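Here's the letter readout for the chains.
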Amino acid sequence: MGWANQIGHAEFPPGELNKILADKDGRVPSHNAVNNHIRKAKGWGFIEMESNRRCLVLPMYHFQKGIGDRTCDEHGVRPYKRFRP
């Protein structure tokens, strides 16, 4: 997935995933329709169970990427900071 960062998290602003999933006529799916698609993708193992409309999380065995960062605001993932005296 092109939006995912190094740790497999693809974050989206509110409503952005709905716009990305618009059909060829430009009709944007409802939030319920997007939730249903996400639930199906979880069941098929395409995305992790913590995925939601704001952040799709790819399974690590499906995903390797060396670009982007290693954070996720939606899931509170931040690299730890080492104490340096």
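This text follows the structure it describes.
Residues numbered from 1 in each chain as written. Predicted model: local features only at pLDDT ≥ 70, side-chain atom pairs only at ≥ 80, totals over all residues. Heavy atoms only, no water.

Just to check I follow, could you spell out the overall build of the protein for this structure?
Tallying secondary structure elements over the protein gives 2 helices and 2 strands in all. Counted from the first residue to the last, the protein has its helices and strands arranged as β-α-α-β. The long-range fraction of contacts in the protein, counting pairs at least 24 apart against all pairs at least 6 apart in sequence, stands at 48%. Carbon and sulfur atoms make up 54% of the accessible area of the protein, which amounts to about 6,300 Å² in all. (Helix = DSSP H or I, 4+ residues; strand = E, 2+ residues; numbered from the N terminus. Contact = heavy atoms within 4.5 Å. Areas by Shrake-Rupley, 256 points an atom, 1.4 Å probe, with all protein chains shown as cover.)

Mind showing me how you'd approach a nonpolar patch on the surface here?
A cluster of nonpolar side chains, namely Trp 3, Ile 20 and Leu 21, defines an oily patch on the protein surface of about 290 Å² accessible area. Within the secondary structure, Trp 3 sits in the segment before β1 (9-11). We classify Trp 3 as exposed; its relative accessible area is 53%. (Patch = residues over 30% accessible without salt bridge, like charges linked within 9 Å, V, L, I, M, F, W, Y side chains within 5 Å. Salt bridge = Lys/Arg side-chain N within 4 Å of Asp/Glu carboxyl O. Buried < 20%, exposed > 50% of the residue type's maximum accessible area, 1.4 Å probe, protein only.)

Looking at this structure, how should I read the nonpolar core?
Soluble globular proteins tend to bury their nonpolar side chains together. Listed in full, the 10 residues of the largest apolar core are Ala 4, Ala 10, Phe 12, Leu 17, Val 34, Ile 38, Ala 41, Ile 47, Leu 56 and Leu 58. What Phe 12 contacts, discounting residues up to four positions off in sequence, is Trp 3, Leu 17, Ile 20, Arg 53, Arg 54 and Leu 56. (Core = buried A, V, L, I, M, F, W, Y, C linked by side-chain atoms within 4.5 Å.)

Would you mind going over the side chain of Asn 18 with me for this structure?
Positionally, Asn 18 belongs in helix α1 (residues 16-20). What makes Asn 18 buried here is its relative accessible area of 5%. In terms of polar contacts, Asn 18 uses its side chain to reach the backbone carbonyl oxygen of Pro 29, at 3.0 Å. In this structure, Asn 18 is in contact with Val 28, Pro 29, Ser 30, His 31, Val 34 and Arg 53, ignoring residues within four places of it in sequence. (Polar contact = N/O pair within 3.5 Å; in protein donor to acceptor, adjacent residues only side chain to side chain.)

Explain the environment of Glu 48 to me, please; I cannot follow it from the model alone.
Relative to the assigned elements, Glu 48 resides in the loop between α2 (31-43) and β2 (55-57). What makes Glu 48 partly exposed here is its relative accessible area of 29%. On a C-alpha basis, the gap between Glu 48 and Pro 59 in space is 5.8 Å, while along the polypeptide they are 11 residues apart. Discounting chain neighbours no more than four positions away, the residues touching Glu 48 are Lys 42, Val 57, Leu 58, Pro 59 and Met 60.

I would appreciate a short explanation of α2 in the present structure.
In an α-helix, one full turn covers 3.6 residues, which means residues spaced three or four apart are oriented alike. Between its first and last C-alpha, α2 extends 18 Å over 13 residues, near the 18 Å set by a 1.5 Å rise per residue. Val 34, Ile 38 and Ala 41 are the residues of α2 that are buried. End-on, the buried residues of α2 take up no more than an arc of 60°, which puts them together on one face. Summarising the geometry of α2, the exposed residues directed more than 90 degrees from the buried face are Asn 32, Arg 39 and Gly 43. The elements touched by buried residues of α2 are α1 and β2. At the exit of α2 stands Gly 45, carrying a positive phi of roughly 80°. (Expected span 1.5 Å × (residues − 1). Arc of directions from axis to C-beta.)

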